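Each chain is listed here by its residues.
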Amino acid sequence: MEYKEYKGYRIFEKENGIIIENVKDFNLVHTFECGQCFRWTRESNGSFTGVVRDKAVNVLLEGENLIIENATFNDFIDLWYDYFDLGRDYSEIKRVLSRKDEIMRKAIDFGYGIRILRQDFWETLISFIISANNRIPMIKKTVEQMSRKFGKEIEFNGKTYYTFPSVEKLAEECIESLQVCGGGFRCKYISETAKMVRNGEIDLSLLYVLDRNGARKTLEKLPGVGPKVADCTLLYSGIKYDVFPTDVWVKRVMEELYFHRTASLTEIQKFASDYFSELAGFAQQYLFYYARENRIGTN
């Protein structure tokens, strides 16, 4: 079978899809179910079906072969290479973090296949505004309902999927219309944020040039965006990797695993910045997934 190469990967084109060889440090369950994304659904064969931008695809990992149905070689270059963060050496990240302490080593061994997706900024922002005081199943349901009501239809494998609604579309909808999707009190924030972004009331290009604190403060100008939502948006859209998203539960986890006492959010943020440095975002994902799956910090 003929193949093409792109940045160290061999890509085979097949009917209705592509096969990417030699994809390391990747586990679909770890990546799609670690709390960073809400548009992927696990299928009975272990694959995942999801919507990214205007593409509906099915993704399956067989050994180190990543199979993407409904994708082409050009799609890999234009979207999937960056989306799955395939240009980053996760083996090196895990090596560096594993040397920190036994806690990190256990967390990395447990969630060895996590990759931090580089998601669409707008979808990430709104998804994590929805996440405030909310559970993952309800977040997924609201995001799906919002996409179904305000997104564009796309067909895949005989089914209809929906793109995430644009800034303009959400900005023109009234709060009552948004509330049909199940966002509750967050719908006011979504509406106001959409209008501010549409009107250019904050300069989003600054997020890429400001440091972590400056980027966070910029996002916090938007309704419904506090430090945790800002950090999640920055991390999961691939803008900043030295953030350490901390909600009440992550705070308890850090207190149990590292502080062994009550600690303030400021203390935890400073510890993460000093201890994990530019890898703080990756450390948070390994710790979050490990703690959640093992019910650490739930007492």
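About the cut-offs
The written sequence of each chain sets the order in which its residues are numbered from 1. In keeping with the model being predicted, local features are shown solely for residues with a pLDDT of at least 70 and side-chain atom pairs are shown and tallied solely at 80 or more, while totals for entire chains, interfaces and linings include all residues. Each side-chain value is worked out from all heavy atoms of the structure, with water and hydrogens disregarded. For two strands to count as paired, DSSP must find a minimum of two bridges between them. Helix and strand definitions here come from DSSP, where helices need a minimum of 4 consecutive H or I residues and strands a minimum of 2 consecutive E residues; each element is numbered from the N-terminal end. What counts as an axis is a line fitted to C-alpha atoms, over the stretch in contact for a helix, and the angles between N-to-C directions run from 0 to 180 degrees. Contact between two residues is taken to exist if any of their heavy atoms lie within 4.5 Å; hydrogens are not considered. With a 1.4 Å probe rolled over the protein chains alone, any residue whose accessible area is under 20% of its type maximum counts as buried; one over 50% counts as exposed, and the rest are partly exposed. Residues adjacent in sequence count toward polar contacts only when both atoms are side-chain atoms; beyond that, a polar contact is any pair of N or O atoms within 3.5 Å, and within protein one must be able to donate a hydrogen and the other to accept it. The pocket and cavity definitions rest on a 1 Å grid over protein atoms only: a 1.4 Å probe that fits but cannot leave marks a cavity, an open set with protein on both sides within 12 Å along at least five of seven lines marks a pocket, and residues lining either have an atom within 4 Å of a point. Grid points are joined across faces, edges and corners, and a volume is the space filled by probe spheres set on the points. Any residue that is not Ala, Val, Leu, Ile, Met, Phe, Trp, Tyr, Cys, Pro, Asp, Glu, Lys or Arg is counted as polar, Gly included; the first ten are nonpolar and the last four charged. Residues with no salt bridge and a relative accessible area higher than 30% make up the patches, which join like charges within 9 Å and nonpolar side chains (Val, Leu, Ile, Met, Phe, Trp, Tyr) within 5 Å. Throughout, the Shrake-Rupley method with a 1.4 Å probe supplies accessible areas, and for residues the shown protein chains are the sole cover considered. Any carboxyl oxygen of Asp or Glu within 4 Å of a side-chain nitrogen of Lys or Arg constitutes a salt bridge here. The pairing test for Phe, Tyr and Trp rings, Trp by its six-membered ring, is centres within 6.5 Å, and the orientation test on the planes gives stacked under 30 degrees, edge-to-face over 60, and tilted for anything in between.

**Quick look at the sheet that holds strand S4 (residues 40-42)**
And step 1. With antiparallel pairing, seven strands are arranged side by side in an open sheet as S1-S2-S3-S7-S6-S5-S4. This sheet does not close on itself; its edge strands, each paired only once, are strand S1 (4-6) and S4. Across the sheet, the mean angle separating the axes of adjacent strands is 25 degrees when strand polarity is ignored.
And step 2. Strand direction decides the pairing type here: strand S6 (residues 55-62) and strand S7 (residues 65-69), joined by five bridges, are antiparallel. Directly across from Val-59, in S7, lies its bridge partner Ile-68.
And step 3. Strand contacts of helix H2 (residues 73-83): S1, strand S2 (9-14), strand S3 (17-20), S4, strand S5 (48-52), S6 and S7, with the helix running at about 30 degrees to S1, the strand carrying the most contacts.

**Focus on the environment of Arg-216**
And step 1. Among the structural elements, Arg-216 can be located in helix H10 (residues 212-219).
And step 2. Residue Arg-216 is classed as buried on the basis of its relative accessible area, which comes to 12%.
And step 3. For the pair Arg-216 and Leu-234, spaced 18 residues apart in the sequence, the C-alpha separation amounts to 7.9 Å.
And step 4. Sequence-distant contacts of Arg-216, that is, excluding residues within four places in its chain, are made with Pro-227, Ala-230, Asp-231, Leu-234 and Gln-269.
And step 5. Of note is the side chain of Arg-216, whose polar atom sits 2.8 Å from the side chain of Asp-231.

**What about the pairing of S7?**
And step 1. When S3 meets S7, the two strands line up antiparallel, connected through four bridges. Bridged to Ile-20 within S7 is Leu-66.
And step 2. Adjacent in sequence and paired antiparallel, S6 and S7 are bridged by two residues, among which Gly-63 carries a positive phi angle near 65 degrees.

**Regarding the layout of surface pockets**
And step 1. By volume, the largest pocket amounts to about 850 Å³.
And step 2. Every residue lining the largest pocket is counted, 34 residues in all, and those nearest its centre are Lys-228, Thr-246, Asp-247, Val-248 and Trp-249.
And step 3. Of all the secondary-structure elements, those providing two or more residues to the lining of the largest pocket are helix H6 (136-150), helix H11 (227-236), helix H12 (248-259), helix H13 (265-276) and helix H14 (280-293).
And step 4. Counting residues per element, the lining of the largest pocket draws most heavily on H11, at six residues.
And step 5. When grouped by side-chain class, the residues that make up the lining of the largest pocket number 17 nonpolar, 11 polar and six charged.

**Side note on a nonpolar patch on the surface**
And step 1. A surface patch of nonpolar side chains, amounting to about 330 Å² of accessible area, comprises Leu-206, Tyr-208 and Val-209.
And step 2. The topology assignment puts Val-209 in the loop between helix H9 (186-198) and H10.

**Observations concerning the packing of aromatic side chains**
Centre distance and the angle of the planes are the two values used to describe a pair of aromatic rings.
And step 1. If you walk through the whole model with that rule in mind, you get 31 aromatic pairs.
And step 2. Geometrically, the ring pair formed by Tyr-90 and Phe-282 is edge-to-face, given 5.7 Å between the ring centres and 80 degrees between the ring planes. With Tyr-90 in helix H3 (residues 90-98) and Phe-282 in helix H14, the pair connects residues that are 192 residues apart, well separated along the chain.
And step 3. Classification of Phe-282 as buried rests on a relative accessible area of 3%.
And step 4. Aromatic side chains Tyr-258 and Phe-271 sit 5.3 Å apart centroid to centroid with 50 degrees between the ring planes, which places their arrangement in the tilted category. Separated by 13 residues along the polypeptide, Tyr-258 in helix H12 and Phe-271 in helix H13 bring together distant segments of the chain.
And step 5. Judged by relative accessible area, which is 23%, Phe-271 ranks as partly exposed.
And step 6. Taken together, Phe-26, Phe-32, Trp-40, Phe-48, Trp-80, Tyr-83 and Phe-84 form an aromatic cluster joined through their ring pairs.

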